[in-house]
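# Summary of structural features
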Amino acid sequence: MKSVLKTLMVTGLLVAAATASAQEFKIGYVNLDRVLRDATPAKAAQAKLEVEFSRREKELTDTAQRIKSASDRFEKDAPTLVEGERGRRQRDLVEQDREFQRKRREFQEDLNQRKNEELASVLDRANRVVKQIFDQEKYDLIVQEAVFASPRVDITDKVIKSLNTSLGK
């Protein structure tokens, strides 16, 4: 919220200064959410993560199914089991579930870390492209967060197109 307010204040001051000096003021806006959703490097990063983590995700799904089946069998068999056997099987189920939960947390932490790494890489490339457009087209200001932005100042498509074409370089 503070960054949006700060951006609006800076934009307002710059517009006022530009109007006062009667110079043309060139502003651009980039929708980073769209860049991260639609640009080829972002899609490639997502696909890379899916390939990298799909095996572990399948293992976790299989483990969860095995624990559920074992739990269902235990619930069905519990009334006919002797007290010692019932306690042993219940402890086994609790231990299996605890181990599953630990592996699931580790998986989620690893996935989040890799997502952040890939996101940082795509953002870095996007920022370089924005800087290149800024320099080449002589912008005075390019913002990445705005409450409202006119399609006239939206350069998101240029950024995505440039990211997509620079992929082969």
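See the structure printed just above.
Residues numbered from 1 in each chain as written. Predicted model: local features only at pLDDT ≥ 70, side-chain atom pairs only at ≥ 80, totals over all residues. Heavy atoms only, no water.

## Some remarks on the overall build of the protein
Secondary structure assignment for the protein yields five helices and two strands. The helix and strand sequence of the protein, counted from the amino end, reads α-β-α-α-α-β-α. In the protein, which comprises 169 residues, the share counted as buried stands at 24%. At a minimum sequence separation of 6, the contacts of the protein that also span at least 24 residues come to 77%. Split by element, the accessible area of the protein, about 12000 Å² in all, is 54% carbon and sulfur. (Helix = DSSP H or I, 4+ residues; strand = E, 2+ residues; numbered from the N terminus. Buried < 20%, exposed > 50% of the residue type's maximum accessible area, 1.4 Å probe, protein only. Contact = heavy atoms within 4.5 Å. Areas by Shrake-Rupley, 256 points an atom, 1.4 Å probe, with all protein chains shown as cover.)

## Digging into helix H4 (residues 83-136)
Given a rise of 1.5 Å per residue, 54 residues ought to cover 80 Å, and the 79 Å separating the end C-alpha atoms of H4 matches this to within 8%. Positioned one or two residues after H4, lysine 138 has a phi angle of 55 degrees, which is positive. (Expected span 1.5 Å × (residues − 1).)

## Focus: the nonpolar core
Among the nonpolar cores identified, the biggest contains 14 residues, and Val30, Val35, Ile133, Ile142, Ile155, Val159 and Leu163 are the most heavily contacted of them. Elements that contribute at least two residues to this core include exactly helix H2 (32-38), H4 and helix H5 (156-166). In terms of residues, this core owes the most to one element, H4, which gives four residues. In this view, valine 30 contacts Val35, Val130, Ile142, Val143, Gln144, Ile155, Thr156 and Val159; residues no more than four positions away in its chain are not counted. Within the second largest apolar cluster, seven residues are counted, among which are Phe53, Leu60, Phe100 and Phe107. (Core = buried A, V, L, I, M, F, W, Y, C linked by side-chain atoms within 4.5 Å.)

## Regarding the packing of H4 against H5
Across the interface, H4 lies against H5 with an axial gap of 10 Å and an inter-helix angle of 115 degrees. Comparing the axis directions of H4 and H5 gives the class roughly perpendicular. Considering only the axes of H4 and H5, their crossing is right-handed. Listed contacts from H5 to Arg125, Ala126, Val129, Val130, Gln132 and Ile133 of H4 are Lys158, Val159, Ser162, Leu163 and Ser166. Its residues assigned to classes, the contact of H4 with H5 shows six nonpolar, three polar and two charged. (Axes fitted to C-alpha atoms, helices over the stretch in contact; angles between N-to-C directions. Parallel < 35°, antiparallel > 145°, perpendicular 65-115°, else oblique. Left-handed = near helix turned anticlockwise from the far one by under 90°. Nonpolar A, V, L, I, M, F, W, Y, C, P; charged D, E, K, R; others polar.)

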